[in-house]
Amino acid sequence: MNMAPRPPAIKGWCPTALRPMETGDGCLVRLHFTGGEVTAEQCRAIGHLARTFGNGLIDLSQRGNLQLRGVSAETLPALTAHLYDFGLLDADMPGAAAVIGSPLARLDATASVDGKALVHGLEARLAAASDLNALPDKFCFLVDEGGRLGLDNVAADVRLIGFNGRVVLAVANGAGASTPVTSTDPSSAIDAALALALAFVKLRGTASARRMVDLVQAIGTMEVARAAGFAPDVPMPPLPHRITEAQDIIGPREGFIGIAAAFGRVHADQLDLLASLAPNDLRLTPWRAILLPGSGPEGLEPCARAGLIVSPDDARLSIVACPGQPACTAAQIDTRRAAEALAPLARAFAPKGITMHISGCSKGCASARPTPITLAGRDGAYDLIFNGRADAEPALRGLDLAQVRAALGAAQAGKASL
Ligand code: SF4
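Because the structure is predicted, anything quoted here is derived from the model rather than measured. (Residues numbered from 1 in each chain as written. Predicted model: local features only at pLDDT ≥ 70, side-chain atom pairs only at ≥ 80, totals over all residues. Heavy atoms only, no water.)

## Observations concerning the overall build of the protein
This is how it is decided: Only DSSP runs of H or I covering at least 4 residues are called helices, and only runs of E covering at least 2 are called strands; the numbering of each starts at the N terminus. For a compact globule the rule gives 2.2 Å times the number of residues to the power 0.38, and the radius of gyration it is set against comes from C-alpha atoms. Exposure is judged per residue with a 1.4 Å probe applied to protein chains only, and the accessible area is read against the type maximum: over 50% gives exposed, under 20% gives buried, and values in between give partly exposed. The contact criterion used is simple: two residues touch if any of their non-hydrogen atoms lie within 4.5 Å. Note on areas: these come from Shrake-Rupley sampling with a 1.4 Å probe, and a residue is covered only by the protein chains present in the view.
Within the protein, the secondary structure is distributed over eleven helices and 20 strands. What you see for the protein is a C-alpha radius of gyration of 21 Å, in line with the 22 Å of a compact globule of 418 residues. Expressed as lengths along the three principal axes of its C-alpha atoms, the size of the protein is roughly 60 × 55 × 40 Å. For the protein, with 418 residues in total, the buried portion stands at 53%. Intrachain contacts of the protein at a sequence separation of at least 6 include 64% that bridge at least 24 residues. For the protein, the accessible area works out to roughly 17000 Å², and carbon and sulfur atoms hold 53% of it.

## Observations concerning the sheet that holds strand 4 (residues 57-60)
In sheet architecture, strand pairing relies on hydrogen bonds along the backbone and comes in two forms, parallel and antiparallel. Our working rule: DSSP-based pairing: two strands are paired if at least 2 bridges between them are found. Note on method: axes are straight lines fitted to C-alpha atoms, helices fitted across the in-contact stretch only, with angles between N-to-C directions ranging 0 to 180 degrees.
If you trace the five strands from one edge of the open sheet to the other, you get 1-2-5-4-13, paired in antiparallel fashion. Strand pairing shows two members of the sheet lacking a second neighbour, strand 1 (21-23) and strand 13 (265-267), which therefore form its edges. Taken over all neighbouring pairs, the strand axes of this sheet differ in orientation by 30 degrees on average, direction set aside. Sitting on the sheet, helix 8 (residues 268-277) is in contact with strand 4 and strand 13, with an inclination near 85 degrees to strand 13.

## A look at the domain arrangement of the protein
Heads up, the condition is: In this document the domain limits rely on a domain assignment from an automatic tool or a database. Buried area counts how much accessible surface, traced with a 1.4 Å probe, disappears from two parts once they are put together, with both parts' losses summed. Each reported salt bridge corresponds to a side-chain nitrogen of Lys or Arg within 4 Å of a carboxyl oxygen of Asp or Glu.
Here the protein is partitioned into domain 1 (15-85), domain 2 (104-227), domain 3 (247-309) and domain 4 (316-414). One C-alpha centre belongs to domain 1, the other to domain 4; they are set 27 Å apart. Each side of the interface is counted separately: domain 1 has five residues, and domain 4 has seven residues. Its largest share of buried area at the contact with domain 4, domain 1 owes to Gly24, Gln62 and Arg69, together 72% of the area lost on that side. Seen at the junction of domain 1 and domain 4, the total is zero salt bridges.

## Observations concerning empty space enclosed by the protein
What counts is decided by this rule: Both site types are read off a 1 Å grid over the protein atoms alone. A 1.4 Å probe that fits but cannot get out defines a cavity, while an open set with protein on both sides within 12 Å along at least five of seven lines defines a pocket; lining residues have an atom within 4 Å of a point. Grid points are joined across faces, edges and corners, and a volume is the space filled by probe spheres set on the points. The nonpolar class holds Ala, Val, Leu, Ile, Met, Phe, Trp, Tyr, Cys and Pro. Asp, Glu, Lys and Arg form the charged class, and all remaining residues, Gly among them, are polar.
According to the stated counting rule, one finds two cavities of 30 Å³ or more in the structure shown. Of the volumes computed, that of the largest cavity is approximately 70 Å³. Gly35, Gly36, Arg63, Ile100 and Gly101 are the residues nearest the centre of the largest cavity, which is lined by 13 residues in total. Inspection of the lining of the largest cavity shows a minimum of three residues originating in each of domain 1 (15-85) and domain 3 (247-309). Of the voids in this model, the second largest cavity is the one considered here, and its volume is about 30 Å³. Contributing to the lining of the second largest cavity are Leu60, Gly64, Asn65, Leu66, Leu284, Thr285, Arg288, Ala289 and Ile290. The class makeup of the residues in the lining of the second largest cavity is five nonpolar, three polar and one charged. Taken domain by domain, the makeup of the lining of the second largest cavity includes at least three residues from each of domain 1 (15-85) and domain 3 (247-309).

## Some words on the pairing of strand 8 (residues 158-163)
The element strand 8 is largely enclosed, with a buried count of five among its six residues. Examined bridge by bridge, strand 7 (residues 141-144) and strand 8 share four bridges and lie parallel to one another. Across the sheet, residue Asp144 finds its bridge partner in strand 8, namely Ile161. With six bridges joining them, strand 8 and strand 9 (residues 166-174) adopt antiparallel strand pairing. Within the sheet, the bridge partner assigned to Arg159 lies in strand 9 and is Ala170. Between strand 8 and strand 9, which follow one another and run antiparallel, lie two residues, and Asn164 among them has a positive phi close to 50 degrees.

## Focus on the packing of helix 5 (residues 186-207) against helix 6 (residues 212-219)
Counted only if it meets this: Handedness of a helix crossing follows the sense of rotation of the near helix relative to the far helix, less than a right angle counterclockwise being left-handed and clockwise being right-handed.
The contact between helix 5 and helix 6 brings their axes to 10 Å, and the two run at 65 degrees. Crossing of helix 5 over helix 6 shows left-handed handedness. In this structure, helix 5 contributes Leu196, Ala199, Phe200, Leu203, Arg204 and Ala207 to the contact, and helix 6 contributes Met212, Leu215, Ala218 and Ile219. Counted by class, the contact of helix 5 with helix 6 contains nine nonpolar, no polar and one charged residues.

## A closer look at the pattern of salt bridges
In the structure shown here, the tally under the stated rule is 20 salt bridges. Residue Asp59 pairs with Arg69 through a salt bridge whose shortest N-O separation is 2.7 Å. Linking Asp59 in strand 4 with Arg69 in strand 5 (residues 66-71), this pair joins segments that are ten residues apart in sequence. We note that Asp59, like Arg69, is buried. A salt bridge links Arg316 to Asp314, with the shortest nitrogen-to-oxygen separation between them at 2.8 Å. Overall, the relative accessible area of 19% leaves Asp314 in the buried class. When salt bridges that share partners are traced, they join Asp25, Asp59, Arg69 and Arg265 into one network.

## Focus: the site of the ligand
We apply this condition: Here a residue is considered near a molecule or strand provided that any single heavy atom belonging to it is located within 4 Å of it.
Taken together, the residues surrounding the ligand are Cys322, Pro323, Cys328, Ala330, Ala331, Ser359, Gly360, Cys361, Lys363, Gly364 and Cys365. Looking at the shell around the ligand, its residues break down into seven nonpolar, three polar and one charged.

## Points about the packing of aromatic side chains
Under the convention used in this document: Ring pairs shown here join Phe, Tyr and Trp side chains whose ring centres sit within 6.5 Å, with only the six-membered ring taken for Trp; geometry is labelled stacked below 30 degrees between planes, edge-to-face above 60, and tilted in between.
The full count for this structure, using the stated rule, is two aromatic pairs. Judged by centre distance (5.0 Å) and plane angle (45 degrees), the ring pair of Phe139 and Phe200 falls under tilted. Note that Phe139 is positioned in the loop between helix 4 (115-128) and strand 7 and Phe200 in helix 5, a separation of 61 residues in sequence. The two residues Phe139 and Phe200 agree in class, both being buried. Three or more aromatic residues link up through ring pairs in this structure, and these residues are Phe139, Phe141 and Phe200.

Structure representation (C-alpha cells):
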C-alpha cells in the first residue's frame, strides 16, 4: 500500500469523500456503495482506515452510506489516497447517495423486478447525464424491487417501485408519501426516472423548489408528470403500503441475520467483527442496520458481546438521534447520552418503529419526519415536542433529563398529550 498522499485523479465526483464536511470532531468522510453492497474485504479496509486516519467511529447513514468520523486536515490526504487504493473511491461514482436500493436485491425470490439491475443502470446513467448536473446534492432516487422489505418509509424524490413485473414511477408529495405518475416495463424505467428528474431541473426555478416535494406542492403532480412526457390522467394501480422497520430485520431472519448499532454508529472493531462473520457481501440498509446474507444465528452472540444490537426487542431501536455534542458544533445537548438514558421510555410508547427523535438542535438532521416524541436541544436543555419535527412548536421547553423523564412518564401513563 502506498502511503504517500497524492491528488486523487477522479473524473466523477464524490462530494463528501473529496469535500468532507467539517464537524465538531473533525472531518466526516462519506462513502457510498452502489445498492448498499459492501464486501467483507472493504469492511475490513474501512475499519483499518477509520482507526488509522479517523477516530475509529463510523456512522451508518439513512441512505445506506458509511461515514468515517474524526478525520483531520492532516490525515485527510493520506486517507483519500488509501480509499482510492482500496477501490473505495470509484472514478465513475455519481453523487454520494444518488440511488437507494432494496437491501435484499437478488436475494429475494418475492421481488417483482430486478432491483440491482435498476440501481446499477440508474447510477451509470446519472454519471453520464450532464443535463442533470443541476440536480441538488440531496436529490435522491429509490429503487424498491417490490419484495420482502418495503421501503415506503425511506425518503426519496423519485421512486421506482416494482409491482406485478412492472415498475411504477412515483414522486415525493410531502409527509414522506409519494404519488404514482406512470407505470412502465422495467426496460423503460430508468428513462422514465430520468425524465422526472429532468422535469424537476426544468421546472424547479418557477417554484424555487429545493426538492421534488417542493415542486409537487407548488405546481401539482400532474404538471410534473406532463413535463416528464407522461399522460397525467392515466389511472395508476393501487400499491400496497409496505413499510420495514429496524425491528423487522434484526436478529435471525430467513436467509440472513440483521445487526444494528446503537443510534447508527459502529466502531472499527465492530465492523471487523461483522466482516469476519460474513460469508457473502454485507448489505447496508436505510434503517441503519447491516444485513449479513448467508450468516446463521451463531453470529449473533459475538455481536452482542461486542455491543451490537442483535434483538428486535432492543429498546435502542426505538430512537433516532443525530451526532449531537461534541460531534456537531451546532449541538446544544449530548444526544447519545440522552438516547441511552431514555431508550426504555421510548420503547414503552410503541413496540415497533421509531418513537423518539433526539436532535442536538432544531434543525433535526436525523429525521425530517414527525415522530411521536421529539427532543430538540436548546441552550443545554431539552424542548419536548409531541407528534412533530424538531423545528415544531414545543409542548414543553427548557427541560432537564429528569423533567423529560417525568413528562414522558406522565404522557405514557395517560397518553394525554399524544
Ligand atoms: S440536528 Fe443540529 S446538532 Fe444535530 S447534527 Fe444537525 S445541526 Fe448538528
